[in-house]
Amino acid sequence: MSFHFKKQLNAEDQEPKAANAAEATATTNQPEEATIVATPKAEPKVETAHDDFDWSRDKRNVSSYSKEEKEKYDAVYENTFKQINDGEMIQATIESLTKTDAVVNIGFKSDGLISLNEFRDIPGGVKVGDVVEVMVVEKEDRDGNLNLSRKSARITRAWERIVEVNKTGEIVTGYVTSKTKGGLIVDVFGMETFLPGSQIDVKPVTDYDQFVGKTMEFKVVKINEAIKNAVVSHKALIESDIEAQRAEIIGKLEKGQVLEGTIKNITDFGAFLDLGGLDGLLYITDISWGRITHPSEVLKMDQKINVVVLDFDDDKKRISLGLKQLTPHPWDTLAENLKEGEVVKGKVVNIEDYGAFLEIMPGVEGLVHVSEITWANTPINAKEFFKLGDEYEAKIVTLDKETRKMSLSIKQLTEDPWTNIDTQFAEGTKHKGIVKNITPYGVFVELATGIGGMIHISDLSWLKRFNNPNEYTKVGNEIEVLILSIDKEGRKLQLGHKQLEEDPWSGLESTFTIGSVHEGTVIKKDDKGAMVQLSYGLEGFAPARHLVKEDGKTIGADEIANFMVIEFERSDKRIVVSHTKIWEQAKEDEKQAERKEKQAEAESTKKAVKNIQSKVEKTTLGDLGVLAGLKAKLDDESASATEEAKPE
């Protein structure tokens, strides 16, 4: 191993002057430095011609040192440097500055370079002689250079302080550097932290740009040791101040106390008021004595109003407020001339199945029951008759200020039309009306305002049967009716439509006799059978088993075929027809004809035999045998014909 020292030898260490002068003359152009080389153990000496020459002195003023001396000087040299480790924090002095870097001395064998960008946070910039804290990134990188970083040192110290203030809850000051997704970036102690948008203020914040470039106070609310990440909050500081104000306000609260508040939020169910650090809720039902559909009809954002404390909860810190309670209830200030029998005007503010509420004045409402809408006895749907916001005149029927209830009537503004119903709509008279409603069992017809009646489904037509009246007419259509009966007490009229014409069934009985065949069209069909449209507008019913054709198939809907009348009930207005009976009857008639023909032939043969027997005077045994055979044949044919003639 070789060691190189740069050293100027002192005069007292030199040889006698004569020797030095001679050596100086011989080495005039050589440098005045000497290199001392530590060599391994010498080989056995071999004598040469120049053994008397001192080879240890080859340059002027250079001497050799012993091993002990070299070790001593090495130790002195090493003690002049600091011992450092990677990742160590150390104080450094700025030795010089270049255009891009600062030369930093940490007392090591060599100096380090740090980019000037890492000193941008120092006001006025860094200067020669400044002492800064740096981190040893590497004592020796690939190129053998010392790698230092002031930024890493700042981040490490900043993280240590952030962890500490997170434990202590200390308030810190940070600089908002930029906006990011969902919040802001804040420089705290030289380290970037995250400020979520929800933690900026107690009020919702939509414009994050207004905070960029500002210095604010924060509280460290969350840290992540693994990735060295911190979350800060400005809202937490505001809430702590508000909490102190809340405690003070709640301590002084009393029911019935009047406070001034500022509207900070409006919802469908009410409004939230800032009472000076404490929030209170003003429900929609406590805003006005009158009905309102939304608080924004009365209130506006940032509006200052006086409210009364209705209730509060110390534990949950909830305060219920009222606005309408600051004014007397309208029922307590009703005018004296407002009494039963008076006609008033109101606006529809609520509609229920049983009627509608009319607001006479804010906070004072009356009910118009469905039975008080019209004189007619026809059922009325209040939700179809009334519309919110519409105004109506009505008569006060009942008024109770103690219970704050009022009943109104619209129909009593006009005379009861049922008073002279007997003369205006006498029984047996014909009238025209408008179809107002249709139910499964009948049609309600209005003949005049407040007067109407029902046509039962069975009274719509003599001939057609309907499953529902809407197959015959529709709401809004005009229809002619006959007054069948009047129920003055029940306010009911029984109406008829088919009675306008004579009953056609009287004349049809002779046309549709049992066994008669008519052409018809299947208009409706189900599992039980089919409805068949016959002539004269008559409809008949064909059971399913009577729809079978001769080829075994069944008559389908809209198919035209011949049908035989098998039943006709005039009293029940019912006719039953059959297609199957037609071809079955034809086959039966054909069989009967064949039977009659065979029977006739048998009778004719029998008569012929009798004639032959009467003419024969004498017979022989052979003749008797022939005649006996012929007789037996005739008897068999007669018996067969008789058997076929029997009904099946």
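Up top you'll find the structure we're talking about.
So, a few notes on the structure that sits alongside this text.

The rules we used
- Residues numbered from 1 in each chain as written.
- Predicted model: local features only at pLDDT ≥ 70, side-chain atom pairs only at ≥ 80, totals over all residues.
- Heavy atoms only, no water.
- Helix = DSSP H or I, 4+ residues; strand = E, 2+ residues; numbered from the N terminus.
- Buried < 20%, exposed > 50% of the residue type's maximum accessible area, 1.4 Å probe, protein only.
- Contact = heavy atoms within 4.5 Å.
- Areas by Shrake-Rupley, 256 points an atom, 1.4 Å probe, with all protein chains shown as cover.
- Pairing = 2+ DSSP bridges.
- Axes fitted to C-alpha atoms, helices over the stretch in contact; angles between N-to-C directions.
- Salt bridge = Lys/Arg side-chain N within 4 Å of Asp/Glu carboxyl O.

So, on to the overall build of the protein chain. The helix and strand inventory of the protein chain stands at nine helices and 30 strands. Within the span of the protein chain, comprising 648 residues, buried residues form 33% of the whole. Long-range contacts, defined as pairs at least 24 residues apart, comprise 60% of the intrachain contacts of the protein chain with a sequence gap of at least 6. For the protein chain, the computed accessible surface area is about 40,800 Å², with 49% contributed by carbon and sulfur atoms.

Moving on, we come to the sheet that holds strand β21 (residues 430-439). Here five strands make up a closed barrel; going around it, the order is β21-β22-β23-β25-β24 and the pairing mixed. Taken over all neighbouring pairs, the strand axes of this sheet differ in orientation by 50° on average, direction set aside. Here strand β22 (residues 442-448) runs beside strand β23 (residues 451-456); their pairing, made up of six bridges, is antiparallel. Looking at the pairing, Val445 lines up with Gly453 of β23.

When you line up the elements, Thr193 lands in strand β8 (residues 191-196). Other than its neighbours up to four places away in sequence, Thr193 contacts Ile162, Leu184, Ile185, Val186, Val188, Ala230 and Val232.

For the structure shown, the criterion picks out 15 salt bridges. Here Asp209 makes a salt bridge to Lys179, at a shortest N to O gap of 3.4 Å. Separated by 30 residues along the polypeptide, Asp209 in the loop between β8 and β9 (215-224) and Lys179 in strand β6 (residues 171-180) bring together distant segments of the chain. In this structure Lys179 comes out as partly exposed when scored by relative accessible area, which is 46%. Notably, a salt bridge pairs Asp459 with Lys498, separated by 4.0 Å at the nearest N-O pair. Of the two residues, Asp459 sits in the loop between β23 and β24 (478-487) while Lys498 sits in the loop between β25 (492-496) and α7 (505-508), which places them 39 residues apart along the sequence. A single burial state applies to Asp459 and to Lys498, both of which are buried. One connected set of salt bridges, linked through shared partners, spans Glu133, Arg157 and Glu160.

Before going further, it helps to examine the sheet that holds strand β13 (residues 279-283). Spatially, the five strands close up into a barrel ordered β11-β12-β13-β15-β14, and their pairing is mixed. This sheet shows a mean twist of 50° between the axes of neighbouring strands, independent of strand direction.

A word on the environment of Leu358. Within the secondary structure layout, Leu358 lies in strand β17 (residues 355-361). Judged by its relative accessible area of 1%, Leu358 is buried. Linking Leu358 and Tyr392, residues 34 residues apart in sequence, is a C-alpha distance of 7.9 Å. When residues no more than four places from it in sequence are discounted, the contact partners of Leu358 are Gly346, Lys347, Val348, Val364, Glu365, Gly366, Val368, Tyr392, Ala394 and Leu408.

In this structure, Phe189 takes a positive phi of about 60° despite not being glycine. Summarising the element assignment, Phe189 is placed in the loop between β7 (183-188) and β8. At Asp302, a residue that is not glycine, the phi angle is positive and equals roughly 65°. In this structure, Asp302 sits in the loop between β13 and β14 (304-313).

Any functional reading would require information beyond the geometric quantities listed.
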